[in-house]
Amino acid sequence: MAASDTIIDLNQKALRLLQEDADKIEKLIAIQMENLTTRKCPLYEEVLDTQMYGFSRAVDFAVRTGLVVEGAGKLLISQLERNLAILYEALEKKEE
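The structure presented is a predicted model; accordingly, all values stated were derived computationally and were not measured.

**Q** In this structure, what is going on with the overall build of the protein? I would like to understand it.
**A** Along the protein, the regular secondary structure elements total three helices and zero strands. Secondary structure elements in the protein, listed N-terminal to C-terminal, are α-α-α. In the protein, which comprises 96 residues, the share counted as buried stands at 25%. Within the structure as shown, the protein displays about 6,600 Å² of accessible surface, and the carbon and sulfur contribution to it stands at 58%.

Set out below in structure tokens:
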């Protein structure tokens with residue numbers, strides 16, 4: 001296997017792992033939102049903030065090490081933020 005193939009494999013693996021982490025965060029937040037009586041709960045907001053901070057740090061690390069290009073890293077974060085916003089809106093409508 002050539003060095004360039006190894007780099008591509010590492011890049012793909014890094015992106016896949018980060019996407020799996022994003023999926024786990026979405027599931028965690030969905031479960032919390034289903035179980036909380038109010039979406040303004042400080043616990044929900046703290047978990048969301050903590051998870052998003054940790055995820056953004058993992059993406060930053062992957063970008064700084066060259067495993068993920070900066071644009072792809074920003075895209076992962078923005079997709080997660082957008083998906084969480086959609087989830088939040090859907091659960092809000094469900095309560096109405």
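**Q** Just to check I follow, could you spell out the pattern of salt bridges for this structure?
**A** Where side chains of opposite charge bring their charged atoms close, a pairing between them can arise. Throughout the structure, instances matching the rule amount to three salt bridges. Residue R64 is joined to D60 by a salt bridge in which the shortest nitrogen-to-oxygen separation is 3.1 Å. Here the residue R64 and the residue D60 both occupy positions in helix α2 (residues 42–64), the gap between them amounting to four residues, near one helical turn. Given a relative accessible area of 25%, D60 falls into the partly exposed group. For E70, the salt bridge identified is with K74, shortest N-O distance 3.3 Å. Residue E70 and its partner K74 are located together in helix α3 (residues 70–95), separated by four residues, close to a single helical turn. Relative accessible area serves as the criterion here: at 53%, K74 is assigned to the exposed category. Within this structure, R57, D60 and R64 form a network of salt bridges that share partners.

**Q** Mind showing me how you'd approach helix α1 (residues 3–35) here?
**A** For an α-helix, the turn length of 3.6 residues means that residues three or four places apart are oriented alike. Counted at 1.5 Å a residue, the expected span for α1 with its 33 residues is 48 Å, and the 48 Å between its end C-alpha atoms agrees. Inspection of α1 places A14, L18, A22, I25, E26, I29, Q32 and M33 among the buried residues, and these make up the whole buried set.

**Q** Teacher, can you tell me more about the environment of L91 here?
**A** Among the structural elements, L91 can be located in helix α3. When the C-alpha positions of L91 and M33 are compared, they lie 7.6 Å apart, and in sequence the two are 58 residues distant.

About the cut-offs
Residues numbered from 1 in each chain as written. Predicted model: local features only at pLDDT ≥ 70, side-chain atom pairs only at ≥ 80, totals over all residues. Heavy atoms only, no water. Helix = DSSP H or I, 4+ residues; strand = E, 2+ residues; numbered from the N terminus. Buried < 20%, exposed > 50% of the residue type's maximum accessible area, 1.4 Å probe, protein only. Areas by Shrake-Rupley, 256 points an atom, 1.4 Å probe, with all protein chains shown as cover. Salt bridge = Lys/Arg side-chain N within 4 Å of Asp/Glu carboxyl O. Expected span 1.5 Å × (residues − 1).

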